[in-house]
Amino acid sequence: MCGLAGFYQPGGFAKDSAGQVVRKMAGGLLHRGPDDAGSWVDGDAGIAIGHQRLAVLELSAAGHQPMSSASGRFVLAFNGEIYNHLLLREELQKSGYSPDWRGHSDTETLLAAFECWDVKTALQKSVGMFAIALWDRKERVLTLARDRIGEKPLYYGWQDGKVFFGSELRALRAHPGCRLKIDRNVLAMYFNRGYIEAPHSIYENIYKLVPGTFLRIDALNDGVPERVQNYWSLSEVVDRAASQPFAGDDQAAISELRSILQEAVALQAVADVPVGAFLSGGIDSTTVVALMQAQSSRRVRSFTIGFEEEEYNEAPHARAVAQHLGTDHTDLQVTAREAMDIIPTLPQIYDEPFGDSSAIPTILVSRLAKRHVTVSLSGDSGDELFGGYRRYQRVAEIWRTVNRVPKLARRPLSLTLSALSRLRRHSDPGRKAQQFSVFLSAQSREVCYHRYLQQRQNIRELVYGTTRQVSHPNAELPSSFNGGFFESMMFADTLSYLPDDLLTKVDRAAMSVSLETRIPMLDHRVVEFAWQLPMHFKIRQGEGKWLLKQVLRKYVPDEMIDRPKMGFGVPVGRWLRGPLRDWAESLLSADKLRAQGYLNPAIVHKEWQHHLKGDGLAADRIWQILMFQAWLAEFGDTA
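Nothing here was measured: the structure is a model prediction, and the numbers come from that model.

Asker: Looking at this model, I keep getting lost on the overall build of the chain. Mind explaining?
Answerer: Helix and strand content of the chain: 28 helices and 17 strands. For the chain, the C-alpha radius of gyration of 25 Å lies close to 26 Å, the compact-globule estimate for 639 residues. Expressed as lengths along the three principal axes of its C-alpha atoms, the size of the chain is roughly 75 × 60 × 50 Å. Counting every position in the chain, which comprises 639 residues, the buried fraction comes to 61%. Relative to all contacts within the chain whose residues are 6 or more apart in sequence, the contacts with residues 24 or more apart total 73%.

Asker: I would appreciate a short explanation of the packing of aromatic side chains in the present structure.
Answerer: What describes a pair of aromatic rings is the distance from one ring centre to the other and the angle between the planes of the rings. Applying the stated criterion across every chain yields a total of 22 aromatic pairs. On the numbers, 5.3 Å between centres and 50° between planes, the contact of Phe7 with Phe13 is tilted. In terms of burial, Phe7 and Phe13 fall into one category: buried. Ring-pair connections join several aromatic residues into one group, and the members of that group are Tyr190, Phe191, Tyr203, Tyr598, Phe628, Trp631 and Phe635. We note Lys538 situated over the ring of Trp531; from NZ or CZ to the ring centre the distance is 5.0 Å. A cation over a ring is seen here: Arg540 above Trp546, with NZ or CZ 3.7 Å from the ring centre.

Asker: Before we go on, may I ask you to explain the sheet that holds strand 3 (residues 47-53) in this structure?
Answerer: Spatially, 2-3-1-9-8-10 is the arrangement adopted by the six strands of the open sheet, whose pairing is antiparallel. Only two strands of the sheet have a single neighbouring strand rather than two, namely strand 2 (36-42) and strand 10 (206-208). Between one strand axis and the next, the sheet turns through 10° on average, direction left out of account. Summarising the sheet, strand 1 (residues 2-8) and strand 9 (residues 162-166) pair through four bridges and their orientation is antiparallel. Across the sheet, residue Ala5 finds its bridge partner in strand 9, namely Gly166. On the sheet, helix 1 (residues 15-27) packs against strand 1, strand 2, strand 3 and strand 9 and is oriented at approximately 145° with respect to strand 1.

Asker: Whenever I open this one, helix 9 (residues 283-294) confuses me. Can you help?
Answerer: A turn of α-helix holds 3.6 residues, and therefore any two residues three or four places apart point the same way. Compared with an ideal rise of 1.5 Å per residue, which puts 12 residues at 16 Å, helix 9 spans 16 Å between its outermost C-alpha atoms and is within 8% of the ideal. Burial within helix 9 is extensive, with 11 of its 12 residues counted as buried. Taken together, the buried positions of helix 9 are occupied by Ile283, Asp284, Ser285, Thr286, Thr287, Val288, Val289, Ala290, Leu291, Met292 and Gln293. For helix 9, the secondary structure elements touched by its buried residues are helix 8 (250-268), strand 13 (275-278), helix 10 (315-325), strand 16 (375-377), helix 14 (382-386) and helix 23 (546-552).

Asker: Explain the environment of Gln596 here, please?
Answerer: Checked against the element boundaries, Gln596 lands in helix 26 (residues 590-596). Along the primary structure Gln596 and His31 are separated by 565 residues, whereas in three dimensions their C-alpha atoms are 30 Å apart. In this structure the side chain of Gln596 is engaged in a polar contact, spanning 2.8 Å, whose partner is the side chain of Gln629.

Asker: How do you make sense of unusual backbone geometry when you look at a structure like this?
Answerer: Working note: non-glycine residues mostly have negative phi, and peptide bonds are mostly trans. Omega for the bond connecting Gln65 with Pro66 falls within 30 degrees of zero, at -5°, which places this linkage in the cis form. Within the secondary structure, Pro66 sits in the loop between strand 3 and strand 4 (67-68). Backbone torsion omega between Ala198 and Pro199 reads 10°, so that peptide bond is classified as cis. Here Pro199 shows up in the loop between helix 6 (184-193) and strand 10. At Glu58, a residue that is not glycine, the phi angle is positive and equals roughly 55°. Overall, the relative accessible area of 8% leaves Glu58 in the buried class. If you check the backbone angles, Ser514 has positive phi at about 60° while not being a glycine. Inspection of the secondary structure puts Ser514 in the loop between helix 21 (497-511) and strand 17 (516-518). What makes Ser514 buried here is its relative accessible area of 9%.

Asker: Explain the side chain of Ser381 to me, please; I cannot follow it from the model alone.
Answerer: Mapped onto the fold, Ser381 is located in the loop between strand 16 and helix 14. The contact partners of Ser381, leaving out residues within four places of it in the chain, are Leu498, Ile519, Met521 and Leu522.

Asker: Is there a simple way to explain the pattern of salt bridges in this structure?
Answerer: One side chain can pair with another of opposite charge once the charged atoms of both are near each other. The tally for this structure, following the rule as stated, stands at 37 salt bridges. Between Asp562 and Arg553 there is a salt bridge; the shortest N-O distance is 3.2 Å. Accessibility expressed as a relative area gives 47% for Asp562, which makes it partly exposed. Among the residues examined, Arg553 registers a relative accessible area of 25% and is labelled partly exposed. In this structure, a network of salt bridges that share partners links the residues Arg32, Lys152, Glu168, Arg170, Arg173, Asp351, Asp507 and Arg508.

Asker: I keep staring at the sheet that holds strand 12 (residues 229-230) and nothing clicks. Help me out?
Answerer: To summarise the sheet geometry, strands pair through backbone hydrogen bonds and adopt either a parallel or an antiparallel arrangement. Taken in spatial order, the six strands make up an open sheet running 4-5-6-7-11-12, and their pairing is antiparallel. Looking at the sheet topology across the chains shown, the edges are occupied by strand 4 and strand 12. Note that strand 7 (residues 141-146) and strand 11 (residues 213-218) share five bridges and pair antiparallel. Counterpart to Thr143 in the pairing with strand 11 is Arg216. The strands touched by helix 3 (residues 106-116) are strand 4, strand 5 (74-82) and strand 6 (128-136); relative to strand 5, the strand with the most contacts, the crossing angle is about 125°.

Asker: What is the right way to read empty space enclosed by the protein from this model?
Answerer: Over the atoms rolls a probe the size of a water molecule, and its path tells where empty space is left. In total, this model carries eight cavities of 30 Å³ or more according to the counting rule given. The space that makes up the largest cavity amounts to roughly 100 Å³. Considering the residues around the largest cavity, the lining is formed by 15 residues, among which Arg53, Leu57, Gln65, Asp106 and Thr107 are closest to the centre. When residues of the lining of the largest cavity are traced back to their parent elements, those giving at least two are strand 5 and helix 3. Its residues assigned to classes, the lining of the largest cavity shows seven nonpolar, five polar and three charged.

Asker: Mind showing me how you'd approach the layout of surface pockets here?
Answerer: Here the second largest pocket defines a volume of roughly 430 Å³. Residue lining of the second largest pocket: 19 residues in total, with Ala269, Val275, Met292, Ser296 and Arg298 positioned closest to the centre. Looking at the lining of the second largest pocket, the elements that each hand over two or more residues are helix 8 and helix 9. Looking at side-chain class alone, the lining of the second largest pocket contains 12 nonpolar, four polar and three charged residues.

Rules and cut-offs
Residues numbered from 1 in each chain as written. Predicted model: local features only at pLDDT ≥ 70, side-chain atom pairs only at ≥ 80, totals over all residues. Heavy atoms only, no water. Helix = DSSP H or I, 4+ residues; strand = E, 2+ residues; numbered from the N terminus. Rg over C-alpha atoms; globule rule 2.2 N^0.38 Å. Buried < 20%, exposed > 50% of the residue type's maximum accessible area, 1.4 Å probe, protein only. Contact = heavy atoms within 4.5 Å. Phe/Tyr/Trp six-rings, centres within 6.5 Å; stacked < 30°, edge-to-face > 60°. Lys NZ or Arg CZ within 6 Å of the ring centre and 35° of its normal. Pairing = 2+ DSSP bridges. Axes fitted to C-alpha atoms, helices over the stretch in contact; angles between N-to-C directions. Expected span 1.5 Å × (residues − 1). Polar contact = N/O pair within 3.5 Å; in protein donor to acceptor, adjacent residues only side chain to side chain. Salt bridge = Lys/Arg side-chain N within 4 Å of Asp/Glu carboxyl O. 1 Å grid on protein atoms, 1.4 Å probe; cavity = no way out; pocket = protein on both sides within 12 Å on 5 of 7 lines; lining within 4 Å. Points joined across faces, edges and corners; volume = space filled by probe spheres on them. Nonpolar A, V, L, I, M, F, W, Y, C, P; charged D, E, K, R; others polar.

In structure tokens form, the structure reads like this:
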């Protein structure tokens, strides 16, 4: 895992000063790659690329970046891993391209692929997670690319004829010519979901590259990027799956999924440094660790954290799973104080407003793992791929209830329930009436799901200066999609919640301690097979992740599988009413809010009072406000 940064100024620039700037940009990413640093500058072409390296494959200087291709045509800065790079080397040789390999790094393999094939083909042949900045010295074209699902981040933007790019926003902030202004419409999006969806970032005219795409920036276009192009599309995967669904029986499905997962885990367990795995004891992480241990001649290192609060403590169950699988297990009991000590570091770690409080335990388990390994496998994405979220069934039931109401009666009933809820706004019936009134006005099942995920209804009142509702393009279904409601919800989550919340959470948490994380279930072949499966392989008799559980039953007893899902969180609501109250109230002070000019103090005060009175729904909303306020104090505008 690494960090990359750079800028492109087609008119050219002074090489020496540009070198200093790009090294400063990359230097801000030291946590992503503390083992080596490099830069490459062409003053005449106006391109500067910087890199911070975390050495995982090819630990010698043969893995140094930015790296030039064998012919010298291409220069690459690369963050991530190409798991099938040795197979790509074999394919390159069969194609008649056989350079004099300098080492065994996947970076060198990727450069050879770009020399032999075009960029799109090379990306399509690559199995892995990555963010890429590729400079073509012959054509004078900069290409930025991101992996299929969005495990690795990549930001970019342009101002005054310059293009800036980097693994995190801090790299762009380090360029003296990059002015950053908070986008109030995107801020409203953040308060809608608790995270910021690609292609948006918190700043105006700065974007996240959408997963599965690449972007060409050509000097002939005066540095204005061309259209973002797909090299992989989940919509196309869904279309192919609909025309070619899996037709086997239960045993065939179990065997096929097991085989694909075994290969993904085997590829991702390869490194020149120690490798371990996170183990919460849930279905996803237990499956990954079980497959990993079954294919290893050594005891796999596994890691879990536990909490004093029993309702959040999965450590005993994870310990039992580890003992059954025979891993070399480490768990750490974390006190509330130790967990709360993470909170002041969150703005620096996430570098953008991020409202998911499960970032705290993710950082803690990453710190634990880093004491022993450099790479850790993770079990994320099982819920999105195999229908594991309980909310899928809850929203389906809500939509069935909505459909029992005649269409002509829905709007009047919605207005009536909304009015009644205002009369009893603090009561449980009042809240339920308000929630159902929102669903009644939904025009489609997809809108119903979107509204279920919304954190609040008063965003325009909360955020000053919001001029429009930022759309959520990733949550829209492809026009050819003809699947059911569960498929539509899983599709939306895979394009939005998974990359922009879950994968962002894991990447920044792990990278804050220079730990590489790998997610076998996000091998695109696993994703594509999951979409070929009819829904009864995923949700059966109200049980989510049915097929994944059948694979796991080959390794652990039923009692380790058939247990309530606990989740991965911390009691921030309780902390905010107790030991964190002074910290919170200082960030939420009306005078401070008025001086900043972003949030309506009256709305914030109202939500804080609801939280203090024990309103369970207010905790997440207040946490999002606090995370924005803490981030704003650290960064904010630079324009």
